[in-house]
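# Survey of secondary and tertiary structure
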Amino acid sequence: MNKESKKFLFDLLKTPSPSGFEVPLQKLVKRRMARFADSIESDLHGNLIVALNPKAKRRIMLAGHADQIGFMVKHISADGFIYIGAIGGIDVGVVEGARVTILGKKGEVRGVVGRKPIHLQKPEERKKSSVDLDKLWVDIGNKKKKETESLVTVGDPVTFELSVKELCQNRITSAGLDDKVGLFVAMEALRMCSRSKLNVGLYAVSTIQEEVGLRGATTAAYSVEPEVGIAIDVTHASDTPATAGHKAPRCILGKGPVISKGPNTNPVVGSLLEKVAKKQRIPYQLGPSPKLAGNDARAIQVSRSGVATATIGIPNRYMHTQVEICDLRDLQNSAKLLAEFVKSITARTSFKPV
Ligand SMILES: [Zn+2]
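Everything numeric here is computed off the predicted structure, so don't read it as measured data. (Residues numbered from 1 in each chain as written. Predicted model: local features only at pLDDT ≥ 70, side-chain atom pairs only at ≥ 80, totals over all residues.)

## Concerning the overall build of the chain
The condition is simple: Secondary structure elements follow DSSP: runs of H or I no shorter than four residues count as helices, runs of E no shorter than two count as strands, and numbering proceeds from the N terminus. For the radius of gyration, the atom set is restricted to C-alpha positions; the globular benchmark scales as 2.2 Å times the number of residues to the power 0.38. Partly exposed residues are those falling between the two cut-offs: more than 12 but fewer than 20 other C-beta atoms within 10 Å of their own, whereas 20 or more means buried and 12 or fewer means exposed, with C-beta atoms placed from the backbone.
From N to C terminus, the chain includes nine helices and 17 strands. Taking 20 Å as the expected radius of gyration for a compact globule of 354 residues, we find that the chain reaches 21 Å, a close match to that expectation. Projected onto its principal axes, the C-alpha positions of the chain cover 70 × 45 × 40 Å. Relative to its full complement of 354 residues, the chain shows a buried share of 46%.

So, in structure tokens, the structure goes:
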């Protein structure tokens, strides 16, 4: 991965974007993509639509969601502690002891989610593993409500402390890899196409509010009105002890993008993606999914009179925790696959299955 692209990825991961609070991230994407795009537009909902060749009649949409799961300040207690609610599918099992950042009115405020020390827990408490988010508190070090209220307001969004660390074997760990890696791949694919003459208009969309119901993709697909819509999102890797013994399809970090198969995937798009991968010698894996995808592809497919959709999955370990892991090579290969897919479309390509 080139240095500049890697910096963009890391900047995305360090920029907070809980669902409904994506503006700083959208601004970052806009700044980065200005020199590659023919047009960049935003909409009333908050999506960012980055386009190449926008005068073309046929349109291809790539969707990566900008939002990440997070929290919101619900209450400040008399002794200055903060109570929070979940934005999206928070895994409460990993919240106690976490470092968090509150996006307060005067800027970021650091805090930790407290926990009763093990020494003070009764034997039955030690055994109990279920956690009630409503009972957890964020400690920012203050002693009084007034002190906390000078920095924090009810309704402020909160994220896990955002940092990205490089691990062995080209792997990185961070909160919010879901789905900043997908957003990154959509934008990288557009960058890779920016010097080519395309037969279609290419729209890389940074969608909002995926984690709370695929809402940005719903409105963006309506306005872009694409013929093909591909969501790029993380997918569960099955190469850790967490999935040992499961009858899940094999999905391995570093073995390439996962091309979806199933009712949420247009068969022509699916087979063209595979054909392109083989021709360009891009490693890929297949992701059979008998159910509808839980990502933006689900909303895009039934937009207006129907869209030819697919999902490119980026293998991800520990989804929705603050220690998600992805492999940088999967990101690069996904972007390359999508760029080559778009370039391969000719005037004669039809995506109608029948
Ligand atoms: Zn996602």
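There's more to say after this.
## Quick word on the sheet that holds strand β15 (residues 285–288)
Our working rule: Strand pairing requires that DSSP identify at least two bridges connecting the strands. Axes here mean lines fitted to C-alpha atoms, for a helix over just the part in contact, with angles spanning 0 to 180 degrees between N-to-C directions. By definition, residues are in contact whenever their C-beta atoms, placed on the basis of the backbone, come within 7 Å of each other.
With mixed pairing, the eight strands of this open sheet are ordered in space as β1-β2-β12-β3-β13-β16-β14-β15. Whereas interior strands pair on both sides, the edge strands pair on one side only; in this sheet they are β1 (39–42) and β15. Neighbouring strand axes in the sheet, compared pairwise and without regard to direction, differ in orientation by 25° on average. Its contacts with the sheet place helix α2 (residues 23–33) against β1, β2 (48–52) and β12 (201–207), and it is angled at close to 15° to β2. Relative to β12, helix α6 (residues 215–224) is tilted by about 160°, and along the sheet it contacts β2, β3 (59–65), β12 and β13 (228–236).

## Things to note about the domain arrangement of the chain
Condition: Each domain's extent was defined by an automatic or database domain assignment. Gly falls in the polar group here, along with every residue not listed as nonpolar (Ala, Val, Leu, Ile, Met, Phe, Trp, Tyr, Cys, Pro) or charged (Asp, Glu, Lys, Arg).
Each assigned domain of the chain is listed here: domain 1 (3–68 + 175–344) and domain 2 (71–160). Placing the centre of domain 1 and that of domain 2 at their C-alpha centroids yields a distance of 32 Å. Listed as interface residues are 12 residues of domain 1 and, on the opposing side, 11 residues of domain 2. Grouping the amino acids of the side of domain 1 that touches domain 2 by side-chain chemistry returns five nonpolar, six polar and one charged.

## Focus on helix α9 (residues 328–344)
Definition in use: For a helix, the expected span equals 1.5 Å multiplied by the number of residues minus one.
Between its terminal C-alpha atoms α9 stretches 25 Å, which fits the 24 Å expected from 17 residues at 1.5 Å a residue. Within the span of α9, buried status applies to Asp330, Leu331, Gln332, Asn333, Ser334, Ala335, Leu337, Leu338, Ala339, Phe341 and Val342.

## Thoughts on the pairing of β2
Within a regular strand, the side chains alternate between the two sheet faces. With five of five residues buried, β2 is to be regarded as a mostly interior element. Residue alternation in β2 divides its side chains into two sets, Leu48, Val50 and Leu52 and Ile49 and Ala51, and both sets are buried. Summarising the sheet, β1 and β2 pair through four bridges and their orientation is antiparallel. Its bridge partner being in β2, Ser39 is matched across the sheet by Ala51. Counting the residues that bridge the hairpin from β1 to β2 gives five residues, and of these Gly46 lies at a positive phi of roughly 120°.

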